[in-house]
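Listed below are the residues making up each chain.
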Amino acid sequence: MDETGHMGAGSAERTLDAALERLTRAVGRLEAAVERRQEADLSVTGLQQEVQRLGDDRSQLAATLDTSEARVGRLEDANREVSRRLVSAMESIRSVLETHGG
């Protein structure tokens, strides 16, 4: 400032340059923050998609498990029936052998 209380041209220019520098740094920080936020949003979106894929996989595996369990049940039933018939056939063979002196 000069004796009259006014800033000189050089002082005003330095003040303006300093303000512009602060503004430039602030804009740079803002741009960096926006970029970090965009990356975080992309990361969240990726995670949401992965959770969706895992849910789909889980549903498919659950359906496959249900089908397999039903098949196991049918095979166990068939196994019991085969065992019952084998026992019946062996008893019939023993009976025939005993009757005919075998």
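Residues numbered from 1 in each chain as written. Predicted model: local features only at pLDDT ≥ 70, side-chain atom pairs only at ≥ 80, totals over all residues. Heavy atoms only, no water.

**Q** Would you take a moment to explain the overall build of the protein for this structure?
**A** Check the secondary structure of the protein and you find one helix and zero strands. Against the 2.2 N^0.38 benchmark of 13 Å for 102 residues, the protein shows a C-alpha radius of gyration of 43 Å, more extended than a compact globule. Each principal axis of the C-alpha distribution contributes one length, and for the protein these read about 140 × 15 × 15 Å. When each of the 102 residues of the protein is scored for burial, the buried share is 1%. (Helix = DSSP H or I, 4+ residues; strand = E, 2+ residues; numbered from the N terminus. Rg over C-alpha atoms; globule rule 2.2 N^0.38 Å. Buried < 20%, exposed > 50% of the residue type's maximum accessible area, 1.4 Å probe, protein only.)

**Q** I keep staring at the environment of Gln 52 and nothing clicks. Help me out?
**A** Tracing the backbone through its elements, the reader meets Gln 52 in helix H1 (residues 9–99). According to the relative accessible area criterion, Gln 52 is partly exposed, its value standing at 49%. Taking the C-alpha atoms as reference points, Gln 52 and Val 72, separated by 20 residues in sequence, lie 30 Å from one another.

**Q** Even after reading the chapter, I still don't get the environment of Arg 29, so can you show me in this structure?
**A** Tracing the chain through its elements places Arg 29 in helix H1. Classification of Arg 29 by relative accessible area gives exposed; the value is 55%. Along the primary structure Arg 29 and Leu 86 are separated by 57 residues, whereas in three dimensions their C-alpha atoms are 83 Å apart.

**Q** For this particular structure, what's the right way to read the pattern of salt bridges?
**A** A pair can form between side chains of opposite charge whenever their charged atoms are brought close. As enumerated under the stated definition, the model contains six salt bridges in all. Residue Arg 53 is joined to Glu 50 by a salt bridge in which the shortest nitrogen-to-oxygen separation is 2.6 Å. Linking Arg 53 with Glu 50, this pair stays in helix H1, spanning three residues, or about one helical turn. Look at Arg 53 and you get partly exposed, because its relative accessible area is 43%. Members of the salt-bridge network, linked through shared partners, are Glu 81, Arg 84 and Arg 85. (Salt bridge = Lys/Arg side-chain N within 4 Å of Asp/Glu carboxyl O.)

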